[in-house]
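An overview of the molecular structure
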Amino acid sequence: MFDKPPRRVSEEPHAPAVARIGPEDERIALRCHRKELQLVDSFVASGEFRNRSALVREALREFLRARALTAVESVPTRSVRDLVEVPVRLRSDEVETLRAYGELNGNGRDLADVLAELVRRGELEAKVGELVERSRSAVRSANASRERLRELRDTSEELERKGVLGR
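In this report, we go over the structure that sits alongside the text. Keep in mind it's a predicted model, so treat the numbers as computed, not measured.

Some points on the overall build of the chain
For the chain, the count of helices and strands is five helices and zero strands. Each helix (α) and strand (β) of the chain, taken in turn from the N terminus, gives the series α-α-α-α-α. Every one of the 167 residues in the chain was classed for burial, and the buried ones make up 10%. Taking contacts inside the chain between residues at least 6 apart in sequence as the whole, the part at least 24 apart equals 26%. For the chain, the computed accessible surface area is about 14,600 Å², with 56% contributed by carbon and sulfur atoms.

In structure tokens, the structure reads:
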């Protein structure tokens, strides 16, 4: 489609234009209202993002990731019988926020589906499975140590009873 890579302009405000070949090889234009640009610029000024492009790329990635998760989760891989409903206690403001998230960012998904997605994502990010396995391993190790101590105590009591060992 292109004979040569498109010419890239540096993201730094007053840097000279340079040709750059990298992971990004296409450009898009984005039209925003002045208020939106002021908000974008405030994030850049706070140091949270290097520049407008970095903010927009990050927002785009998050949007695409959320949509990809929605698309994957919308494909029924398990039957309804495989799912377990779990009651969750949330404050009313949290519920309202999550409902709005489901409506605005989750293609109108209901609260239960939004919570399930957040739990699954949190489980991946927090590596809950690994933490649980480490805890189970520690419990098994502690139980084995207790059992060895119990056996040693029983052995010493038996030796004392036989008169081999005195108190």
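Moving on, there is more to tell.
Some remarks on helix α3 (residues 92-104)
Compared with the 18 Å implied by 1.5 Å per residue over 13 residues, the 18 Å span of α3 between its first and last C-alpha is a close match. Residues of α3 that are buried in the fold lie against α4 (111-126).

Considering the pattern of salt bridges
Applying the stated rule across the entire model yields 14 salt bridges. Between Arg-150 and Glu-147 there is a salt bridge, with its nearest N and O atoms 2.5 Å apart. Of the two residues, Arg-150 and Glu-147 are both situated in helix α5 (residues 128-162); the distance of three residues between them amounts to about one turn of the helix. On the basis of relative accessibility, which here comes to 36%, the residue Glu-147 falls in the partly exposed class. One network of salt bridges, with partners in common, ties together Arg-91, Asp-93 and Glu-94.

A word on α4
The terminal C-alpha atoms of α4, which comprises 16 residues, lie 22 Å apart, in line with the 22 Å expected from a rise of 1.5 Å per residue. Those residues of α4 that fall on the buried side of the exposure criterion are Leu-111, Val-114 and Glu-117. Looking straight down α4, one finds its buried side chains confined to an arc of 125°; they lie on one side. Summarising the geometry of α4, the exposed residues directed more than 90 degrees from the buried face are Ala-112, Val-119 and Leu-124. Lys-127 occupies a position one or two residues after α4 and carries a positive phi of about 55°.

Things to note about the packing of α4 against α5
Close contact between α4 and α5 brings their axes to 5 Å; oriented N to C, the two are set at 60°. Viewed along their axes, α4 and α5 adopt a mutual orientation that is oblique. Here Gly-122, Glu-123 and Ala-126 of α4 lie close against α5, whose contacting residues are Val-128, Gly-129 and Leu-131. Its residues assigned to classes, the contact of α4 with α5 comprises three nonpolar, two polar and one charged.

What counts, and at which threshold
- Residues numbered from 1 in each chain as written.
- Predicted model: local features only at pLDDT ≥ 70, side-chain atom pairs only at ≥ 80, totals over all residues.
- Heavy atoms only, no water.
- Helix = DSSP H or I, 4+ residues; strand = E, 2+ residues; numbered from the N terminus.
- Buried < 20%, exposed > 50% of the residue type's maximum accessible area, 1.4 Å probe, protein only.
- Contact = heavy atoms within 4.5 Å.
- Areas by Shrake-Rupley, 256 points an atom, 1.4 Å probe, with all protein chains shown as cover.
- Expected span 1.5 Å × (residues − 1).
- Salt bridge = Lys/Arg side-chain N within 4 Å of Asp/Glu carboxyl O.
- Arc of directions from axis to C-beta.
- Axes fitted to C-alpha atoms, helices over the stretch in contact; angles between N-to-C directions.
- Parallel < 35°, antiparallel > 145°, perpendicular 65-115°, else oblique.
- Nonpolar A, V, L, I, M, F, W, Y, C, P; charged D, E, K, R; others polar.

It is worth stressing that arrangement in space is one thing and function is another; only the former is reported here.
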